[in-house]
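# Observations on the model geometry
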Amino acid sequence: MMRRESADLVLSASWIIPVEPAGSILEGHAIAIRDGTIAALGPAAEIDSGHAPKERVHLDGHALVPGFVNAHTHAAMTLFRGLADDLPLDAWLAEHIWPAEARFVDAAFVGAGTRLAVAEMLRGGTTCFNDMYFFPDVVGEVARPAGMRAVLGLIVLEVPTVWAPDRASYFARGLEVHDAFRGDDLVATALAPHAPYTVGDEAFERIRGLSESLDLPVHVHLHETEHEIEEAVRETGERPLARLDRLGLVNPRLAAVHMTHLLAEEIDKLAARGASVLHCPESNLKLASGVCPVPRLVAAGVNVALGTDGAASNNDLDMLGEMRTAALLGKLEARDATANPAERMLRMATLGGARSLGLGNRIGSLVPGKSADAAAIDLRGPDTQPVYDAVSQIVYAATRSHVREVWVAGRRVVRDGVLETLDAEEAVREAGEWRARIR
């Protein structure tokens, strides 16, 4: 008699979309999970006969995908959602967001905003987010008990803020956060200089050294607007990417956000150096910042990930919506209906994000040995039927309301659309209290 392997959970679904290998859509398959890790993936009959699980879950009419990786956001800014809409970036920041941050942001604000963001993201199938905001320690302390994976941005600026009074303090406090979460199963860190126009060469040089010695990503806004580039050339004689390249930062650890204005030779440089681009299409559209040339980046071999940016400029943290927008925008930008196909969008929202954060060996695809981070999308309704291609249906027809079940490291965090690890009603109540203060 064949020995059956132990398992904590066996998941089966009408469609399993592992992302690796590219283009795979598996029907009649199942995943065995042990100790938070995918132990096996194969035909359901084979998995059932070879494993003795504590729990079995069959998701009829659902597609099981890797949990989404929101590669760029400012989670706590959910509390500024809708505060200053329909404005260009410069006015939005200088006249509204920065003054509001100076007046209201503190540890309590970040805690409440992050709880609201985590509730929103988990319910939408996002299992990991890459954050850049003040009080990253608080972000980690909210995400961890909620069972959500987070990469905390260790922010660096040249101006005093509520988080740090000077450059040295940004580095000191950031390294304290890094040490506090070192080795954590769910929470990692990244160096997060805000942008070339807010961070000087000396700080960037130290960031390069820390990135190399600690093997940390460098998460930075770059080439967000044409105005940013023009001002950089006028003041320094260099385009921002050229400046970072001179400082040794254009390498496989660079996670460059936005990149809406790129020359052909800059795309080639990003590809040659192994850097990643974090594409935030809806925020770029709303602020009229420009269009990231995703089809050209991908053709050159650049790893591209998807992010929502913050809810203050989007105004949601919806990765399914972001995939659809990215697909349609890329087709228009390339003037090619075959550009940015659905399979590529799902890859950008999962494995592309994981790789940009140095987590590609742990998350981003449903393969044995990786963490069991997964989302089940219900395709049984009239708005998602009939299903000819499950990936196309997810990208072009499904919405985050179709996400019914979510697991992070094998732990169920959403059951039938309801959060298991965080009180959504309490998060909404807190948000209402902050709205009354800010308004």
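See the structure above.
Structure report, in brief. (Residues numbered from 1 in each chain as written. Predicted model: local features only at pLDDT ≥ 70, side-chain atom pairs only at ≥ 80, totals over all residues. Heavy atoms only, no water.)

## Considerations on the state of the cysteines
Cysteine pairs can be linked by a disulfide, which is a covalent bond between their two sulfur atoms. In plain terms, the rule: Criterion for a disulfide: a pair of cysteine sulfur atoms within 2.5 Å. For every residue, the accessible area obtained with a 1.4 Å probe (protein chains only) is divided by the maximum for its type, and the residue is called buried under 20%, exposed over 50%, and partly exposed between those limits.
One pass over the full model with this rule turns up zero disulfides. Here C128 is not disulfide-linked; the sulfur of C280 is the nearest cysteine sulfur, at 14 Å. Its relative accessible area of 0% is what places C128 among the buried residues. With no disulfide partner, C292 has as its closest neighbouring cysteine sulfur the one in C280, 9.0 Å distant.

## Comments concerning the environment of L87
Rules: For helices the rule is a DSSP run of H or I covering at least 4 residues; for strands it is a run of E covering at least 2, with both sets numbered from the N terminus onward.
If you trace the backbone, L87 turns up in the loop between β5 (68-73) and α2 (89-104). We classify L87 as partly exposed; its relative accessible area is 25%. Along the chain, L87 and L422 lie 335 residues apart, while their C-alpha atoms are 34 Å from each other.

## Considerations on the pairing of strand β8 (residues 187-193)
The test is simple: By definition, the crossover connecting two strands over a helix is right-handed if that path, from the first strand to the second, turns clockwise as seen with the strands pointing away from the viewer.
Along β8, six of the seven residues are buried, which leaves the element largely enclosed by surrounding structure. Handedness of the strand β7 (residues 149-156)-helix α5 (residues 167-180)-β8 crossover: right-handed.

## With respect to the side chain of N70
The criterion, for reference: Any two residues having at least one pair of non-hydrogen atoms within 4.5 Å are treated as being in contact.
Following the sequence through the fold, N70 ends up in strand β5. Contact partners of N70, with chain neighbours within four places excluded, come to M121, T126, C128, F129, N130, L306, G307, T308 and M319.

## Quick notes on the packing of aromatic side chains
Rules: Aromatic rings from Phe, Tyr and Trp, taking only the six-membered ring of Trp, are treated as a pair when their centres fall within 6.5 Å; an angle between ring planes under 30 degrees marks them as stacked, one over 60 as edge-to-face, and anything in between as tilted.
Counted according to the given criterion, the structure contains four aromatic pairs. On the basis of an interplanar angle of 70 degrees and a centroid distance of 5.3 Å, the ring pair of F135 and W163 is categorised as edge-to-face. With F135 in the loop between β6 (126-131) and α4 (136-143) and W163 in the loop between β7 and α5, this residue pair connects regions lying 28 residues apart in the sequence. Assessed through its relative accessible area of 3%, W163 is described here as buried.

## Observations regarding the packing of helix α3 (residues 107-123) against helix α15 (residues 424-438)
Just so we agree on the cut-off: To obtain an axis, a line is fitted to C-alpha atoms, over the contacting stretch when the element is a helix, and the angle between two such axes runs from 0 to 180 degrees between their N-to-C directions. Oblique is the label for every angle not falling under 35 degrees (roughly parallel), over 145 degrees (roughly antiparallel), or within 65 to 115 degrees (roughly perpendicular). Crossings are classed by handedness, with left-handed meaning an anticlockwise turn of the near helix from the far one by less than a right angle and right-handed meaning a clockwise turn.
Orientation of α3 relative to α15, taken along the N-to-C sense of each, is 130 degrees, at an axis distance of 9 Å. Here α3 is positioned oblique relative to α15, judged by the angle of their axes. Judged by the twist between their axes, the crossing of α3 over α15 is left-handed. Counted together, A108, F109, A112, R115 and L116 of α3 and A427, V428, E430, A431, W434 and I438 of α15 form the full contact between these two elements.

## A closer look at the pattern of salt bridges
In a structure, side chains of opposite charge can pair up when their charged atoms sit close to one another. To keep things clear, this is the line we draw: By definition, a salt bridge exists where a carboxyl oxygen of Asp or Glu is found within 4 Å of a side-chain nitrogen of Lys or Arg.
According to the stated counting rule, one finds 32 salt bridges in the structure shown. With a shortest N-O distance of 2.3 Å, D245 and R273 are connected by a salt bridge. Residue D245 is found in helix α8 (residues 240-246), and its partner R273 is found in helix α9 (residues 264-273); the two are separated by 28 residues along the sequence. Taking the relative accessible area as the measure of exposure, D245 reaches 19% and is therefore buried. Between E333 and R296 there is a salt bridge whose closest N-O contact spans 3.6 Å. Of this pair, E333 sits in helix α12 (residues 319-334) while R296 sits in helix α11 (residues 294-300), and the two are 37 residues apart along the sequence. R296 sits in the partly exposed class, given a relative accessible area of 41%.

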